[in-house]
Structures are given as structure tokens and as C-alpha cells.
Amino acid sequence: MAHSNNLKFIPFQALVLILICFWSEFCTSRDTITSTQSIKDPEIIVSVGKTFKLGFFSPVNTTNRYVGILDNIPVTTAVWVANRDKPLNDSSGIVTISEGGNLVILNGQKEVIWSSNVSNPVANSSAQLLDTGNLVLRDNSSGRIIWESFQHPSNSFLQMMRLGTDAKKGEMTLLTSWKSPSDPSIGSFSAGVDPLSIPQFFVWNGSHPYWRSGPWNGQVFIGVPVMYKLYSNGFNLVDDKKGTVDLTFSYANESILSYIFLNNEGTLQEKYRFVAKEDWTVPWWGPENECDVYGKCGPFGSCNSLDSPICTCLNGFEPKHTEEWSRGNWSSGCIRKTPLQCERNNTINEKVKEDGFLKLERVKVPDFEVWSPGLHDSCGSLCLNNCSCIAYSFYIGIGCMQWSGNLIDIQKFPDGGADVYIRVAYSELDEEKNMKTVLAIAISIGSITIAICAYYSWRWMAKQRGSMFKRVSSEVHTKVRCRQKPLLISFNIRKEAEK
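In short, a report on the structure. Since we're looking at a predicted model, the values are computed, not measured.

About the cut-offs
- Residues numbered from 1 in each chain as written.
- Predicted model: local features only at pLDDT ≥ 70, side-chain atom pairs only at ≥ 80, totals over all residues.
- Heavy atoms only, no water.
- 1 Å grid on protein atoms, 1.4 Å probe; cavity = no way out; pocket = protein on both sides within 12 Å on 5 of 7 lines; lining within 4 Å.
- Points joined across faces, edges and corners; volume = space filled by probe spheres on them.
- Nonpolar A, V, L, I, M, F, W, Y, C, P; charged D, E, K, R; others polar.
- Helix = DSSP H or I, 4+ residues; strand = E, 2+ residues; numbered from the N terminus.
- Buried < 20%, exposed > 50% of the residue type's maximum accessible area, 1.4 Å probe, protein only.
- Polar contact = N/O pair within 3.5 Å; in protein donor to acceptor, adjacent residues only side chain to side chain.
- Contact = heavy atoms within 4.5 Å.
- Disulfide = S-S within 2.5 Å.

Turning our attention to empty space enclosed by the protein. Counted by the stated rule, this structure contains three cavities of 30 Å³ or more. Estimates place the volume of the largest cavity at around 130 Å³. Surrounding the largest cavity, 13 residues form its lining, F201, W211, F235, L268 and W284 being those nearest its centre. Residue composition of the lining of the largest cavity, by class: twelve nonpolar, one polar and no charged.

The next subject is the side chain of T176. Inspection of the secondary structure puts T176 in strand β16 (residues 175–180). By relative accessible area, T176 is classed as buried at 15%. Polar side-chain contacts of T176 include one of 2.6 Å to the side chain of R84. When near neighbours in sequence (up to four residues on either side) are disregarded, T176 contacts R84, P153, S154, N155, I186, F189, S190 and L262.

Tallied over the full model, the rule gives six disulfides. One disulfide bridge connects C291 with C303, the sulfur atoms lying 2.0 Å from each other. Taking the sign of the torsion about the S-S bond as the criterion, the disulfide between C291 and C303, at about -75 degrees, is left-handed. Placement of the pair is C291 in the loop between β24 (281–286) and β25 (301–303) and C303 in strand β25, with a sequence separation of twelve residues. A relative accessible area of 2% places C291 in the buried class. Each disulfide pairs two cysteine sulfurs, and for C379 the partner residue is C400, the sulfurs being separated by 2.0 Å. For the disulfide bridge between C379 and C400, the dihedral angle about the S-S bond is near 80 degrees, and by the sign convention the bridge is right-handed. Taken as a pair, C379 in helix α5 (residues 379–384) and C400 in strand β32 (residues 399–403) lie far apart in primary sequence, 21 residues in all. The buried category is assigned to C379, whose relative accessible area is 0%. On the accessibility criterion, C400 (0% relative accessible area) is buried. The connectivity of the disulfides in the protein is 1-3, 2-4, 5-6, 7-10, 8-12, 9-11, where the numbers refer to bonded cysteines in sequence order.

Mapping S182 onto the fold places it in the loop between β16 and β17 (183–194). Once the C-alpha coordinates of S182 and V60 are considered, the two residues, 122 residues apart in sequence, prove to be 5.2 Å apart. Filtering out sequence-adjacent residues up to four positions away, S182 remains in contact with P59, V60, N61 and T62.

The quantities given are spatial measurements derived from coordinates; they are silent on function.
Structure follows, in C-alpha cells:
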């Protein structure tokens, strides 16, 4: 009899278990896709720490369906998209592992619209979503990762992701913007590390630079002063000096989630939130103002967002096209007023005065810097003895930097930045000295004039106070006499009456 009751109770237990599994994240959430465990729209997989999820979504103002990695909060943001250029037009999509071992997206007709496209896949593979936001395809037999989404980023630079360049292989890992907020296909802007002589971070509009960070000093990019506050403990750049550069960032505080986002207008945004909260904060973005846009003031021009107009020529230079410059078209930049010593044709007997340097303080250093082995004390002399060197700067963590050719993308900062020394002809140094002398004389004359005026003003005021004191004393004395006189008359009258 008891045996019969247990048989009747089992279906009820199974029903409860099914309901619990249906509603519980513990049962429905998994982080892996296999050939036998696919996901269909709108199913998802969730990383083990529930930080990210992979599934189907539609951007704003469109019904097209995409497969992407999203942050696992109610108001989701896609940080990676698989089928960027080939959306699904309905909700019949499937994500699975193909017979050949690639991760694939199928449409309703079981056609492959996207694939991880591993050249040498293995049949026994699975795809797992990690808590870093990295989707990895593994060989189940060895555990080896044969493909990962971090090597094929979209518009987001996540913590522990590597952006870099391998010159030997001719490979460059870049962020690429969306075309629009409703279209994840590849847009006009890209961002990544350019190794050059000293690595810098760039945003490109097509093939043209749109924004740059300035050189890396071992801790931060020195053309972004705010990085000292935001990222001094987060960024790490490895440069083998042979064309291979890797940039990563992370926070020591694991309660903070953060990533760098490239929007469809070419703006980089740093976003972060605490794990326990759902609101993203944007503490920094760039370009932040007109002066952040690459080469705003043209060659040999300097940009200051706090000035009006924002562009000026460097000392010793003048606008190349005055009319354009006066209309606010600064793209043609400036030209040198006086040729340098090496540029002039000097006779043997002519006594030549050496060029010198004018100091430009607190700026984003120009682009196309070249590292030189010179020390702080010798950096300037090395430049002066090299006819092709037209500017230099020494920065701790980088060393001696030199420039030849046009000086482009100089920006004045209220604080931070570096000091750059611009090479000019000796006559420009005289002019600068004369200007300083005139300014000093003007200040001295002004100070003396103010002192003289103050002295005479004090004398005049003292005189006025003295005159006023005399006038007041006289009036008081007169009033006293006037009051005493009637009293004397009255006394005399009373005296006469008594007689």
C-alpha cells in the first residue's frame, strides 16, 4: 500500500522539479554551447558569474536579429556581435557547433550565415562564455582554445582583452564602430595601437587619423592627462621594440566592471559600473572638444580650447594662408617666418648665429616623434647638431623625443602634458627677447606709474583731509563765539538794571 502511494507522489515531485527548473536561473542558465546543446532565439547562455550573456537581440529601431555578447543587466549593451554584416530577418536563428567543429549561426532554412571559420577545426569542440566577456571555442580533448571573440572584437575593448599589432604577421587587432545605433555592421571608425617609434592609441576615420592619445610613457598615454587619475593602475602595454605591441587593461578592484567603447561617431568612451549596480558611468570620452580632433590647427599650429580663436601659430611662425586663417579655416596651418641656419645659403666669411629653441609648455607633443638615446642634458644639443631636427622634448619614462618635418596635432593643456622645445632662427630668439624686454619695461613703467599715482593720490587726499579739518574747526569756533556773545549781552543788561 505504501508502495502504491509513493508511485502516486512521484509525478507531483517531477512536476515541481520541472517548474523550478523552468523558473530558476540555476537550471536554465548554462555557459556552454555544444553540438547537442544549441540555443534558439530567444534562448541565452550566461557566464558562470552571471556577468555576461550570449544570445539574440535587436538594436533600437530595427527588428533585425543579431547574436551578441551583452552585459547581464536589465538595460543591456552589446559588447560584441557575431553576424554584424548579415542579420537574421526573423526569430528562427540557431547557434550551434557544426559537424566540422566550428561555432555557427543558422537561419530558419539551416543555412550558415556566420561561422567562427577556424581553418583547422576539431570535431569534438564546444563554445564557452567566460566571465571576462570572452567567447572561446575549445578542443574538448586537449582543452586548447582554437578561436576566441577577443581576437575579433567589435566596438568594445573589454578588460583582459588584447589590442595590438604584430608587424611580422601583418596583423592588427582593432575596434570597429557600428554604422549607426541601429546597425552593427562595420562603420567608418576604427581604433587601436600604432606601434610607430613610441606606441600611441589612435582612432581612425577610414585611413585618416581622427584622434590620438600621445606616446606611452610606461604607465599612461601622456596626451590624455586624465589618464593619471583614471587608469594609472589599469593599463599595461608590452612593446618588444620589433613591431609587436599588446595593450590590455584591468582593475584590481574586482567589484568594478569597465570597458572602452567606440561609438559610431568616432568617440571613445570609458564606461564603468559596480557589479552590485546596474547604472553605467562615463568618466571620460575623447575627442572631448575641437582641439582633440587630429590636426585641427594644421602644421605648426597649436590648439587651445580655452582661447578664442582656438588656433594660433607657434612662435616664429605665421599663417600660411592669412585669409583662410582669419575665416577660421586652419587646416593649412603655419609656415616659418625666418629660415633656420641649415636652410640659409651662408657664405664662408659670413658670421652665422646659431639657431635656438623656444619653449612650449604643457602640450600634447606633436605626432611622428622619434625616440633618441639622448639623456635629459644632451637631448637639446643632439637636436641642435642635427639639421633635420626641428623640435625636441624629454619626458620621464620615454626619454628624448625628436621631430623632423611638420609639427602636427599640438594641443595646449591647462595642466599635464609635456614641454616641447621648438627650433627657430636666432633672429626669432632676439625678437622673443625683445618682446620679453618690452614686456618687462612695460610692466616696470606701469608699476612706477601706479606707485606715483598712488603717492599723489595719497597727498591729495591728505591735503583734502587737512582742509576739511581746518574748515570744520573754524565753523565750530564761530558757533561757540556766537553762543557766548548773547550770554555776555544778557549779563550786561542784567547788570545795568540792578544799578
